[in-house]
Amino acid sequence: MYQIETIQGDITKVRTDCIVNAANTWLHGGGGVDGAIHRAAGPVLGDACAEYVREHGLLPTGQVMHTGGGHIPVKGIIHAVGPVYREHLPDESDRLLQACYRNALVLAESLQYGSIAFPNISTGVYGFPKDRAAEVVCSGLHTWQTENWTFVRRVILVCFDDVNLAFYQKSCS
Ligand code: APR
C-alpha cells in the first residue's frame, strides 16, 4: 500500500526517489514542466531522450520510459506522454491519462523506487480540464492503492498552481 500526498511546488525541487515528467512523444523538452525538468537536469537528459527515440522510436501516448536524473538529485526520471485532450473522446482521454500514472507506478516499482512525484500531467498545454483530471487521477490512484506494492510507498502529487492544488486536495483527500 502506498500513501498519497498532495503538495504545491516545483517538482524539480521535491525530495523523492523519482519524478515524473509530462513529456511529448518525441521526448524533446518543451515548455511547462518538461522544460523545467530539462533545464534543471542539464543537457545530459536531452541526450538520453534522443538516444531512446533513436533506438525505440516515439513514445506513444499513455506510455512511459525512464532516464537518470542528470543534475536533479533523484534516482531517476520517468517520462510519461499524456493525452492531448482535444485529440480523443473524453473517455479515451481519461483512460490514457490513467495509463500514464499506472504505467509510471509499475515502472517505479520495477526500479525499486520508494517514492514517486507526479506533476499534473496533460493539464497545461495538452488542455485536459483540471477538475476532470484530478478526479480521474485520484480515482485511479485510490483503486490501485491496495495492490501488492513492495517498493513504492509514497505517491506525491505536485501541484504548481493554486487551481490544481484545490482540485487535488478535494479529489485525493
Ligand atoms: N513543477 C511542477 N509542475 C509544473 C512545473 C514545475 N516546475 N511547471 C509547470 N507545471 C505544471 C503546469 O502548471 C501544469 O499544471 O505541470 C502541469 C502540466 O502542464 P504542462 O507542463 O504544459 O504539460 P502537459 O499539459 O502535459 O503538456 C505537455 O507541453 O511542455 C510541453 O513538451 C511538453 O509537449 C509537451 C506538452
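Structure: see above.
Residues numbered from 1 in each chain as written. Predicted model: local features only at pLDDT ≥ 70, side-chain atom pairs only at ≥ 80, totals over all residues. Heavy atoms only, no water.

**Student:** Lay out the site of the ligand in plain terms, naming residues and giving numbers.
**Tutor:** In the vicinity of the ligand there are 21 residues, among which N24, V33, D34, S122 and G124 approach most closely. One nitrogen or oxygen atom from the main chain of Y126 is found 3.1 Å from an oxygen atom belonging to the ligand. One of the side-chain nitrogen or oxygen atoms of D161 is found 3.3 Å away from an oxygen atom of the ligand. In isolation the ligand exposes 690 Å². Once the protein is present, 91% of that is buried. A total of 4 residues in the shell around the ligand trace back to one element, the largest contributor, which is helix α1 (residues 32-41). (Near = heavy atom within 4 Å. Polar contact = N/O pair within 3.5 Å; in protein donor to acceptor, adjacent residues only side chain to side chain. Areas by Shrake-Rupley, 256 points an atom, 1.4 Å probe, with all protein chains shown as cover. Helix = DSSP H or I, 4+ residues; strand = E, 2+ residues; numbered from the N terminus.)

**Student:** Residues and numbers for the pattern of salt bridges, please.
**Tutor:** Where charged atoms from two side chains of opposite charge come close, those side chains can pair. Summed over all chains, the structure comprises 9 salt bridges. Taking the shortest distance from any N to any O, the salt bridge between R154 and E5 comes out at 2.7 Å. Taken together, the residues span a long stretch of sequence, with R154 in strand β6 (residues 154-159) and E5 in strand β1 (residues 3-8) at a distance of 149 residues. Exposure remark for E5: the relative accessible area of 26% places this residue in the partly exposed category. Between D161 and K130 there is a salt bridge; the shortest N-O distance is 3.4 Å. With a gap of 31 residues between them, D161 in the loop between β6 and α5 (162-171) and K130 in helix α4 (residues 130-144) connect regions that are remote in the sequence. Residue classification places K130 among the partly exposed positions, given a relative accessible area of 26%. If you follow the salt bridges from partner to partner, you end up with D91, D94 and R132 in one network. (Salt bridge = Lys/Arg side-chain N within 4 Å of Asp/Glu carboxyl O. Buried < 20%, exposed > 50% of the residue type's maximum accessible area, 1.4 Å probe, protein only.)

**Student:** Describe in detail the state of the cysteines, supporting the description with residues and values.
**Tutor:** Enumeration according to the criterion identifies 1 disulfide in this entry. Here C49 stays unpaired: no disulfide links it, and the sulfur of C18, its closest cysteine neighbor, is 14 Å away. The buried category is assigned to C49, whose relative accessible area is 0%. C18 provides the cysteine sulfur closest to C100, a residue in no disulfide bond, and the two sulfurs are 14 Å apart. For C100, a relative accessible area of 0% translates into the label buried. (Disulfide = S-S within 2.5 Å.)

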